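Below are the chains, spelled out letter by letter.
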Amino acid sequence: IGTGSGCIAVSLAKSLPEVQIDALDVSLEALVLAKGNAVKNCVDERINFIQSDLFFVFNENNTNNCLGSYDIIISNPPYLRSCDIAQLPREVRFEPRIAVDGGNDGLDFYRGIIPGAAKFLKKDGFLFFEIGFSQRKGIEEIIGRQDTMKFSEARKDYSGIERVMVLTHG
């Protein structure tokens, strides 16, 4: 979810030739770029590019064939606080605002994906997502307000900062 340029989807498709991937993004421009990257890497046949804001396209179309069908959902969401974007380094500010702006507290995306993922994951399926510096506590509070997705682990980046959270559907 939030495939952007498609780097995660394309990398997974190249590394795991037996998988089929649905890559969602709200931005049509991002999907065109992602599709081009998939073509360049010869994995476009195994990636479905879908324009959607989170799970909206599935809910809107009552696409029940996707309910409970995913083993894994992965996302690198917008998680920056709106007020912090102007102070970002120049190389990050070129990103479209929609790709980085996580709302006033940076947690808007998590409020949607955590409860929404349970409908689309198989039992014991995984939800992986990137988190921003010092966001774990706020995300754990969001997890605590629902009862289908459970915290599994947090993984640190090379600088020792918690960067990826893993949840399980159970």
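Residues numbered from 1 in each chain as written. Predicted model: local features only at pLDDT ≥ 70, side-chain atom pairs only at ≥ 80, totals over all residues. Heavy atoms only, no water.

A. Looking closely at helix 2 (residues 28-40). Taking 1.5 Å per residue, 13 residues should reach 18 Å; helix 2 reaches 19 Å between its end C-alpha atoms and fits that length. Residues of helix 2 that are buried include every one of A30, L31, A34 and A38, and no others. Down the axis of helix 2, the buried side of the element spans an arc of 95°, and every buried residue falls inside it. Along helix 2, the residues that are exposed and aim more than 90 degrees away from the buried face are L28, E29, V32 and K40. Measuring from the backbone nitrogen of E29 back to the side-chain oxygen at the start of helix 2 gives 3.3 Å, which picks out S27 as the cap. Just downstream of helix 2 lies C42, where phi reads positive at about 60°. (Helix = DSSP H or I, 4+ residues; strand = E, 2+ residues; numbered from the N terminus. Expected span 1.5 Å × (residues − 1). Buried < 20%, exposed > 50% of the residue type's maximum accessible area, 1.4 Å probe, protein only. Arc of directions from axis to C-beta. Polar contact = N/O pair within 3.5 Å; in protein donor to acceptor, adjacent residues only side chain to side chain.)

B. Region of interest: the packing of helix 6 (residues 108-120) against helix 7 (residues 136-144). Contact geometry for helix 6 and helix 7: axes closest at 10 Å, N-to-C directions at 35°. Helix-helix and strand crossings are classified by hand; for helix 6 and helix 7 the assignment is right-handed. Of the residues in helix 7, those in contact with Y110, R111 and I114 of helix 6 are I139, I142 and I143. Along the lines of polarity and charge, the residues of the contact of helix 6 with helix 7 split into five nonpolar, no polar and one charged. (Axes fitted to C-alpha atoms, helices over the stretch in contact; angles between N-to-C directions. Left-handed = near helix turned anticlockwise from the far one by under 90°. Contact = heavy atoms within 4.5 Å. Nonpolar A, V, L, I, M, F, W, Y, C, P; charged D, E, K, R; others polar.)

C. The pattern of salt bridges, seen in detail. Tallied over the full model, the rule gives eight salt bridges. A salt bridge links D108 to R111, with the shortest nitrogen-to-oxygen separation between them at 3.0 Å. With D108 and R111 both in helix 6 and three residues apart, the pair spans about one turn of that helix. Note on D108: relative accessible area 43%, which makes it partly exposed. Salt-bridge contacts for E162 lead to R136; the nearest nitrogen and oxygen are separated by 2.5 Å. Here the residue E162 occupies a position in strand 6 (residues 162-169), and R136 occupies one in helix 7, the gap between them amounting to 26 residues. Salt bridges linked by common partners bring D105, D108 and R111 together as one network. (Salt bridge = Lys/Arg side-chain N within 4 Å of Asp/Glu carboxyl O.)

D. Up close: the pairing of strand 6. Examined bridge by bridge, strand 4 (residues 121-130) and strand 6 share five bridges and lie antiparallel to one another. In the sheet register, F126 faces strand 6, and the bridge partner there is T168. Direction of pairing for strand 5 (residues 149-156) relative to strand 6: antiparallel, over a ladder of seven bridges. When the sheet's bridge partners are listed, A154 is paired in strand 6 with M165. Taken together, strand 5 and the strand that follows it, strand 6, pair antiparallel across an intervening segment of five residues, in which G160 is found at a positive phi of about 80°. (Pairing = 2+ DSSP bridges.)

E. Seen up close, the side chain of S75. Within the secondary structure, S75 sits in strand 3 (residues 70-75). When its relative accessible area of 4% is taken as the criterion, S75 is described as buried. There is a polar contact of 2.6 Å between the side chain of S75 and the backbone oxygen of I1. The contacts of S75, once residues within four sequence positions are left out, are I1, F109, I113, F128, F129 and E130.

F. Inspection of the nonpolar core at higher detail. Core analysis: the biggest nonpolar cluster contains 24 residues, and I73, Y110, I113, I114, L127, F129 and I139 have the highest contact counts within it. Only strand 3, helix 6, strand 4, helix 7 and strand 6 provide two or more residues apiece to this core. Looking at which element gives the most residues to this core, the answer is helix 6, with seven residues. If we skip the residues at most four places from it in the chain, F129 touches S75, P77, Y110, I114, I139, R163, V164, M165 and L167. One finds V10, A13, A23 and A38 within the second-largest nonpolar core, a separate group that totals eight residues. (Core = buried A, V, L, I, M, F, W, Y, C linked by side-chain atoms within 4.5 Å.)

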